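The primary structure of each chain is shown beneath.
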Amino acid sequence: MKWPLQTPEREPLRTFGPDNQPLFSADADAAPGSPTQTVLAFDDNRLASVLFGQYGQNLALIERRLGVVADSRGNHVTIEGSREACEQARRVLESLYDQLKRGNDLIAGDVEGRIRLAMAQGSLFDYDTTEPRPSFEEINLRKRPVRARTPGQDGYIRALRRHALVFGTGPAGTGKTWLAVAHAVALFERKEVDRIVLSRPAVEAGERLGFLPGDMREKVDPYLRPVYDALYDLMDARIVERALQTGEIEIAPLAFMRGRTLSNSVVILDEAQNTTTMQMKMFLTRLGEHSRMIVTGDPSQVDLPHGQKSGLAEALRLLADVEGISHVSFTAQDVIRHELVARIVEAYDRREGGE
């Protein structure tokens, strides 16, 4: 429901131009929770259309998540709602528009990510516009920048930069593996490491690998497909192919790690909840000089035989107080897939919690 156009409590209309400076500012003494209206004007009609989304879907998401009403006409958008919500919506739209002006596309999740950033930052009415705007961490790659979209992802990227061994655990869709691969690619492109090693335990999740056609690699490759997908999404396909051929990028089942010492490398173990205690110990002791290790997994989706303890859970317990190791735990609030995925994860968590 829209606020009435004329009410004694309403703040004055605030209009912002393409330079993000207010053309007319609201009364600073107005109550924070009082209704207000803000009009944003963007200087490029084509980019404004992309910003608003097909059939206004991006504006609809902002409305739903921030509790405002957004009405677009041409290159203008009017935002109505509480003072803080309107300010948050303004910051979301301005940051997305700046992204478009820099020549970057709006990919799935960008809008949700900026909304979460605005909500995490709280109200910025007293914000000094002469200072750089705070933002989530970013990984700069040759193909495109990768930005954290939730506070959890922001903390994860910080941990990856500061620690030689990082555990990232949580539900599907939180970006654990994708951000780990992005960090590895960034180090590889900067020549800080010589190679990337990506691995998964070849545990059958309800299927029987032995019945798949082909040799061992052809059997296992489909199981490792999510890792391939992340690489091709973050690097040029020709570079990936060449690196796979030269061994600078290696993708292999966990069993192939035994007896090796991996130096000058970024080593990623995905789906680590499906390792046994001995497999996890074997993997962690592969860490060599000038290497980084990232372990990701979802403790709620263990595919090991009934009664067998997960090596990931055991490692998190044993290494909790070891210096130089970081553990980042994601929640349903960090899910960046379709918004229904977060609700599905929360529903299952409630069931497991006995609610």
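Below or above, wherever it landed, is the structure these notes cover. Bear in mind the structure is a predicted one, so any value in this text is a computation, not a measurement.

Observations concerning the sheet that holds strand β8 (residues 165-169)
Hydrogen bonds between backbone groups are what pair the strands of a sheet, and the pairing can be parallel or antiparallel.
Next up, step 1: A sheet is described by the order of its strands in space; here six strands give the open sequence β10-β9-β11-β12-β8-β13, paired in parallel fashion. Two strands in the sheet have a free side with no partner beyond their single neighbour: β10 (249-253) and β13 (325-329). Pairs of neighbouring strands in the sheet enclose a mean axial angle of 15 degrees, with direction left out of account.
Next up, step 2: Against the sheet, helix α10 (residues 277-284) makes contact with β8, β11 (265-269) and β12 (292-297), and its axis sits at roughly 155 degrees relative to β12, the strand it touches most.

A short note on the packing of helix α1 (residues 45-52) against helix α3 (residues 83-101)
Next up, step 1: At their nearest, the axes of α1 and α3 sit 10 Å apart, and the two run at 125 degrees to each other. Taken together, the axis directions place α1 and α3 in an arrangement best described as oblique. As for how α1 packs across α3, the hand of that crossing is right-handed. Within the contact between the two elements, α1 uses Leu47, Ala48, Val50 and Leu51 and α3 uses Leu93, Leu96, Tyr97, Leu100 and Lys101.
Next up, step 2: Across the contact of α1 with α3, the residue classes break down as eight nonpolar, no polar and one charged.

A closer look at the side chain of Ser310
Next up, step 1: Relative to the assigned elements, Ser310 resides in the loop between β12 and α11 (311-318).
Next up, step 2: Note on Ser310: relative accessible area 9%, which makes it buried.
Next up, step 3: Polar contacts involving the side chain of Ser310 include one to the main-chain carbonyl oxygen of Gln273, which spans 2.9 Å.
Next up, step 4: Among the polar contacts made by the side chain of Ser310, one reaches the main-chain amide nitrogen of Leu312 at a distance of 3.3 Å.
Next up, step 5: Residues contacting Ser310, with those up to four places away along its chain left out, are Ala272, Gln273, Thr275, Val302 and Leu304.

Describing the pairing of strand β5 (residues 76-82)
Next up, step 1: One ladder, built from seven bridges, connects strand β3 (residues 35-41) with β5; its direction is antiparallel. Bridging from a neighbouring strand, Thr36 pairs with Gly81 of β5.
Next up, step 2: Across five bridges, the pairing between strand β4 (residues 69-73) and β5 is antiparallel. Paired with Ser72 across the two strands is Val77, which belongs to β5.
Next up, step 3: The turn joining β4 and β5, which pair antiparallel and follow one another in sequence, is formed by two residues; a positive phi near 65 degrees is taken by Gly74.

The rules behind the values
Residues numbered from 1 in each chain as written. Predicted model: local features only at pLDDT ≥ 70, side-chain atom pairs only at ≥ 80, totals over all residues. Heavy atoms only, no water. Pairing = 2+ DSSP bridges. Helix = DSSP H or I, 4+ residues; strand = E, 2+ residues; numbered from the N terminus. Axes fitted to C-alpha atoms, helices over the stretch in contact; angles between N-to-C directions. Contact = heavy atoms within 4.5 Å. Parallel < 35°, antiparallel > 145°, perpendicular 65-115°, else oblique. Left-handed = near helix turned anticlockwise from the far one by under 90°. Nonpolar A, V, L, I, M, F, W, Y, C, P; charged D, E, K, R; others polar. Buried < 20%, exposed > 50% of the residue type's maximum accessible area, 1.4 Å probe, protein only. Polar contact = N/O pair within 3.5 Å; in protein donor to acceptor, adjacent residues only side chain to side chain.

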